[in-house]
Amino acid sequence: MDHLMSALSDPERLELYARIVLGDLPPREADSPAARRHLGKLLASGLVERLDDGSLRAGPEVFRRARTAESAGGVPRHLAGFFARGRLTAIPVRPTVRHELLVHLTDTLFDPARTYSETEVNEALRTVHDDTAALRRYCVTDGLLVRASDGSAYRVPQHA
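Below or above, wherever it landed, is the structure these notes cover. The shown structure was predicted, so the numbers you read here are calculated from the model rather than taken from an experiment. (Residues numbered from 1 in each chain as written. Predicted model: local features only at pLDDT ≥ 70, side-chain atom pairs only at ≥ 80, totals over all residues. Heavy atoms only, no water.)

**Description of the overall build of the protein**
Then, number 1: For the protein, the count of helices and strands is eight helices and seven strands.
Then, number 2: Looking at the 160 residues of the protein, the share that counts as buried comes to 32%.
Then, number 3: Across the protein, contacts joining residues at least 24 apart in sequence account for 48% of those joining residues at least 6 apart.
Then, number 4: Of the roughly 10,100 Å² that the protein leaves accessible, carbon and sulfur atoms contribute 53%. (Helix = DSSP H or I, 4+ residues; strand = E, 2+ residues; numbered from the N terminus. Buried < 20%, exposed > 50% of the residue type's maximum accessible area, 1.4 Å probe, protein only. Contact = heavy atoms within 4.5 Å. Areas by Shrake-Rupley, 256 points an atom, 1.4 Å probe, with all protein chains shown as cover.)

Pasting the structure below:
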């Protein structure tokens, strides 16, 4: 879904998309330099498709496909109740559930092949919840992130 929002984040591109949706973009205007500048991103994102006759079409199915892909590849079903609009709304109190959530977060947010500064860990965790200190501490306590003895670096442990 983020790629769709990114494609629509430019005001001129958003206006072009709206005109395509409304069928208010004459073919000669679609070939103008101004339209071509933004049309590539709309086509690449799947928001717009070029039909065989060269006309442009925008349909709602792209949003349904993105939503389905997001829910399929997103949060495990048993943890979905802790999220709203992609953000963690509460940190589970039960240790086993909290651990499952932290496993999901570390698997999704961190690359096991790299080392992170505390700032980078906080930035990654902030994408899902504002209490980065608690999440970071829980990740370290549960052994999902290993902190350097001087506290300067974090990494995902290598499992044998």
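**Here we look at helix α4 (residues 33–45)**
Then, number 1: When the local axis directions of α4 are compared, the greatest deviation, roughly 35°, occurs at L39.
Then, number 2: For α4, the full list of buried residues reads A35, H38, L39, L42 and S45.
Then, number 3: Just downstream of α4, G46 is the residue with a positive phi angle, here 90°. (Bend = angle between axes of the 7 residues up to and from the residue.)

**Remarks on the side chain of T106**
Then, number 1: Here T106 lies in helix α6 (residues 95–109).
Then, number 2: With relative accessibility at 5%, the residue T106 sits in the buried group.
Then, number 3: If sequence neighbours within four positions are ignored, T106 has contacts with C139, L144 and L145.

**Digging into the nonpolar core**
Then, number 1: Membership of the largest hydrophobic core comes to 19 residues, with the highest contact counts inside it found for L101, L105, F110, V121, L135 and L145.
Then, number 2: Per-element tally for this core: the top contributor is α6, with four residues.
Then, number 3: Not counting residues within four places of it along the chain, the set of residues in contact with L105 comprises F83, F110, V128 and L135. (Core = buried A, V, L, I, M, F, W, Y, C linked by side-chain atoms within 4.5 Å.)

**Some remarks on the pattern of salt bridges**
Then, number 1: Scanning the entire structure with this criterion turns up seven salt bridges.
Then, number 2: R19 serves as the salt-bridge partner of D24, at 3.9 Å between the closest nitrogen and oxygen.
Then, number 3: According to the relative accessible area criterion, D24 is partly exposed, its value standing at 45%.
Then, number 4: Across the pair E118 and R136 runs a salt bridge, and its minimum N-O distance is 3.9 Å. Taken as a pair, E118 in helix α7 (residues 118–126) and R136 in helix α8 (residues 132–141) lie far apart in primary sequence, 18 residues in all.
Then, number 5: Taking relative accessible area as the criterion, E118 reaches 32% and is therefore assigned partly exposed. (Salt bridge = Lys/Arg side-chain N within 4 Å of Asp/Glu carboxyl O.)

**Comments concerning α6**
Then, number 1: For α6, spanning 15 residues, the distance from its first C-alpha to its last is 20 Å, which sits close to the expected 21 Å at 1.5 Å a residue.
Then, number 2: Those residues of α6 hidden inside the fold are in contact with β3 (83–84), β4 (87–88) and α8. (Expected span 1.5 Å × (residues − 1).)

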